[in-house]
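Structure assessment
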Amino acid sequence: MELSLRFITKKLGLICRRAPEVLGDGSARFSTARYADRNRFVSPKPGWLVVCDDEDGDQNLIENAPGLVWINEAEPPAGKPAIWIRERIDALHVLNYLLDMFDLMNSWSTHVQQLLLRKESIDNVVQTLSEVTNNPFYYCDASFRTITIRDDQALITSSDIYRYQVHHGRHPVEAIASMMKSGDLERMNKRRDAWLFEDSATYRIPFVSKTVFCHGSVFGHIFVIETNSSQSVCDIDVLEELGNLITLFVEHHYRAYPASGRHHEQTLKDLLSGKKLDREEVDSLLTLFTWEGDDPLQVLAFELEQTREARDTGNVQVQVIEGALPAKALVFGSCVVSILNRSEARGVRDLDQLESLCKQFGWNAGVSDVFENIERIEPYCEQAFAALQIGSKSKPDETLHHYHTYLLPHLRASLMSQMEDPLLQHCDVITLERHDEKTGSSLAKTLYSYLRNERIMSKTSAELFMHRNSVMYRIEKIKQLIVSDLDDPDNRLALLISLEVAKAKKRRVSAGPDKRRGARGGCRGRLVTSRA
């Protein structure tokens, strides 16, 4: 195991009365130490840190050593990484201390590798940190669920966040929001090296973070809370080694390390994709969730940008949703999908909490109708995706988009994507459009507003900004031109659908080819955004 010059300097400070200084590149790394004995000629090798206590040592070794521990009042040779100890101390004592330290860290690294080779759980591997740091630490998955955490009574007493994690096994929503707003989360999801967050807005205590990656995506995070801040530089090296070892083994043995123990996610993905499951699989899923088969359920779909960082943020979204609502959530295709259990008699409060979350984090959500039997979830997932897509475009200022509000636009878009235009064109609508083209009138628009407003004349005139008598005149003119009886509800529905299609067609033509292309396709060729 290679240790940075900063790490070694910090450790040497424990046996020196005066703190040693780092000269040159503090990130330079070394794997062992040697003494510059002028009576023995030794060729320096990469990774050697040479200890010398006078200027008469082996000059060849001093000049060519990758790094020095210089015990002398005089300044060390320039041009190479060095630790300068400006006090009288036995060089052999320093050398033995360094060799013991390298042995200890190498033994710990070997122990970690043996645990990984035996395919021990990641939480057991992370627990080995107790061998090399006195600070409290924990490991969480990509969704910020706490998998393992070191019990630290002082921190539990002083920190609400740490106490919440110990008792509930996840980060509080407020902590996640703080990490997002402060930029800590984005930095963690981009950095590949261990990093000390000294200005932490989350814990108000410095912490060292190392992100574990698996094939480019975030697999988990390891944190050390720096209650003993003098240890922080040492913890960076320790976490760097541990995180890199875990990343290496997870990427090569990915199937042995299912993402943080969330085995139910694949079953949910199968259900959302329409795959039929055995009764035993469904019962096991409900037992795991402690749900009943007839519980009322609702599907929620949240927007998720198509970037690597956004996918990792989606995992955090999952944790926030599950922490705030009686729901199970997962990243599914291009969205975060959540199944909300409405059986806990909280009713509107759940949706109020959902709306509050969306406003707090700037999310949009599509909400399906309520249903029973989780095996019937696929069409309700379609509803949530459709509500999200249509609602985000038509009502961008709103955060929650309920499917029943967008049933007719969804029906119209689905018909347009699956049927040829002539099949959706009502003969009466064609008659009115031709009349409007010849005369410059807007009878088709008037009929659309009249039918949308349940044939209430006052509402229609208000929507069209016309006098009531003018609307009445137009309606009489329409009745003379068309063959359909407007008192027949089936006729009114057919006309309204055809008018909706005609309206959408005009919007697509005016939008141009680039925007028209996005109106269709997605979920298996249908309206909504791609899911699988």
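Moving on, we get to the sheet that holds strand β16 (residues 365–367). Here 5 strands make up an open sheet; going across it, the order is β14-β15-β13-β16-β17 and the pairing mixed. In this open sheet, the two edge strands, each paired with only one partner strand, are β14 (327–332) and β17 (400–402). Between one strand and the next, the sheet's axes are offset by a mean angle of 20°, whatever the strand orientation. With 3 bridges joining them, β16 and β17 adopt parallel strand pairing. Considered in β17, the bridge of alanine 365 is made with leucine 400. Set on the sheet, helix α14 (residues 377–394) makes contact with β13 (297–303), β14, β15 (335–341), β16 and β17; between it and β13 the angle comes to about 40°.

Let us look at the sheet that holds strand β11 (residues 207–214). Taken together, the 5 strands give an open sheet; going across it, the order is β9-β8-β12-β11-β10, and neighbouring strands pair in antiparallel fashion. A strand with exactly one partner marks an edge of an open sheet, and here the two such strands are β9 (146–149) and β10 (195–197). Shown here is a sheet whose adjacent strand axes are inclined to one another by a mean of 25°, direction ignored. When strand β8 (residues 137–141) meets β9, the two strands line up antiparallel, connected through 3 bridges. Each residue of the ladder has a partner; that of tyrosine 139, found in β9, is threonine 148.

Turning our eyes to something else, we now look at the packing of aromatic side chains. Per the stated rule, a full pass over the model turns up 9 aromatic pairs. Both rings, one in tyrosine 138 and one in tyrosine 162, keep their centres 6.2 Å apart while their planes meet at 70°; by these two values the pair is edge-to-face. Within this pair, whereas tyrosine 138 is found in strand β8, its partner tyrosine 162 is found in helix α6 (residues 160–168), the two being separated by 24 residues in sequence. Neither residue differs from the other here; tyrosine 138 and tyrosine 162 are each classed as buried. Pairing tyrosine 138 with phenylalanine 223 gives two aromatic rings, centres 4.9 Å apart and planes at 20°, and the pair type is stacked. Pair noted here: tyrosine 138 is in strand β8 and phenylalanine 223 is in strand β12 (residues 217–225), with a separation of 85 residues, a long-range link. For the residue pair tyrosine 138 and phenylalanine 223, the accessibility class agrees, reading buried in each case.

Moving on, we get to the pairing of strand β6 (residues 67–71). Burial within β6 is extensive, with 5 of its 5 residues counted as buried. In β6, alternate side chains face the same way, and those of Gly67, Val69 and Ile71 on one face and Leu68 and Trp70 on the other are all buried. By the bridge criterion, 4 bridges tie strand β5 (residues 48–52) to β6 in an arrangement that is parallel. By the bridge assignment for β6, valine 50 is matched with leucine 68. Note: β6 against strand β7 (residues 82–85), 4 bridges, orientation parallel. Counterpart to isoleucine 71 in the pairing with β7 is isoleucine 85.

Quick look at the nonpolar core now. Core analysis: the largest hydrophobic core is formed by 51 residues, its most contacted members being Ile8, Val69, Leu98, Trp108, Leu129, Ile222 and Ile246. Ranked by residues supplied to this core, first place goes to helix α3 (residues 91–117) with 11 residues.

So, about α14. Its 18 residues give α14 an end-to-end C-alpha distance of 26 Å, which sits within 8% of 26 Å, the value for a rise of 1.5 Å per residue. Counting buried positions along α14 yields 15 of 18 residues, so the element is predominantly enclosed.

A separate point is the confidence of the model for the protein chain. Mean pLDDT over the protein chain: 84, with 88% of residues reaching 70 or higher. Across the protein chain, β16 holds the top mean pLDDT of 94, while helix α22 (residues 513–517) sits lowest at 44.

Here proline 66 lies in the loop between α2 (59–64) and β6. With relative accessibility at 27%, the residue proline 66 sits in the partly exposed group. Separated by 37 residues in sequence, proline 66 and arginine 29 place their C-alpha atoms 9.3 Å apart. If we ignore the near neighbours within four places in the chain, the residues touching proline 66 are Phe30, Lys45, Pro46, Gly47, Trp48, Lys80 and Pro81.

On to the packing of helix α17 (residues 427–439) against helix α20 (residues 468–481), then. Here α17 crosses α20 at 120°, and the two axes come no closer than 10 Å. One way to sum up the angle between α17 and α20 is to call them oblique. The two elements α17 and α20 meet at a crossing, and its hand is right-handed. Across the interface between the two elements, Thr431, Leu432 and His435 of α17 pack against Lys477, Ile478 and Leu481 of α20. Looking at the contact of α17 with α20 residue by residue, the class counts come to 3 nonpolar, 2 polar and 1 charged.

Before going further, it helps to examine helix α11 (residues 279–289). Within α11 the residues assigned to the buried category are Val282, Leu285, Leu286 and Phe289. Down the axis of α11, the sector holding all buried residues measures 95°, keeping them to one side. Among the exposed residues of α11, those oriented more than 90 degrees off its buried face are Glu280, Thr287 and Leu288. Buried residues along α11 sit against α10 (264–272) and β14.

Attention shifts here to the state of the cysteines. Under the criterion given, the structure shown has 0 disulfides. Left without a disulfide partner, cysteine 335 is nearest to the cysteine sulfur of cysteine 381, which lies 8.5 Å away. The class of cysteine 335 is buried, set by a relative accessible area of 3%. A residue is classified by how much of its surface remains accessible, and cysteine 381, at 0% relative accessible area, is buried.

Along the chain, the position of threonine 446 falls in helix α18 (residues 443–452). The class of threonine 446 is buried, set by a relative accessible area of 0%. Every residue in contact with threonine 446, bar those within four places of it in the chain, is listed here: Thr460, Leu464, Arg474, Ile475 and Ile478.

Time to look at the pattern of salt bridges. As enumerated under the stated definition, the model contains 16 salt bridges in all. In this structure, the salt-bridge partner of arginine 29 is aspartate 237, at a minimum N-O distance of 3.3 Å. Highlighted residues: arginine 29 in strand β3 (residues 29–30) and aspartate 237 in helix α9 (residues 232–252), separated in sequence by 208 residues. Residue classification places arginine 29 among the partly exposed residues on the basis of a relative accessible area of 33%. With its nearest N and O atoms 3.1 Å apart, the salt bridge here joins arginine 279 to aspartate 283. With arginine 279 and aspartate 283 both in helix α11 and 4 residues apart, this pair spans about one turn of that helix. When salt bridges that share partners are traced, they join Asp141, Arg145 and Glu322 into one network.

Cut-offs and rules
- Residues numbered from 1 in each chain as written.
- Predicted model: local features only at pLDDT ≥ 70, side-chain atom pairs only at ≥ 80, totals over all residues.
- Heavy atoms only, no water.
- Pairing = 2+ DSSP bridges.
- Helix = DSSP H or I, 4+ residues; strand = E, 2+ residues; numbered from the N terminus.
- Axes fitted to C-alpha atoms, helices over the stretch in contact; angles between N-to-C directions.
- Contact = heavy atoms within 4.5 Å.
- Phe/Tyr/Trp six-rings, centres within 6.5 Å; stacked < 30°, edge-to-face > 60°.
- Buried < 20%, exposed > 50% of the residue type's maximum accessible area, 1.4 Å probe, protein only.
- Core = buried A, V, L, I, M, F, W, Y, C linked by side-chain atoms within 4.5 Å.
- Expected span 1.5 Å × (residues − 1).
- pLDDT = per-residue confidence, 0-100.
- Parallel < 35°, antiparallel > 145°, perpendicular 65-115°, else oblique.
- Left-handed = near helix turned anticlockwise from the far one by under 90°.
- Nonpolar A, V, L, I, M, F, W, Y, C, P; charged D, E, K, R; others polar.
- Arc of directions from axis to C-beta.
- Disulfide = S-S within 2.5 Å.
- Salt bridge = Lys/Arg side-chain N within 4 Å of Asp/Glu carboxyl O.

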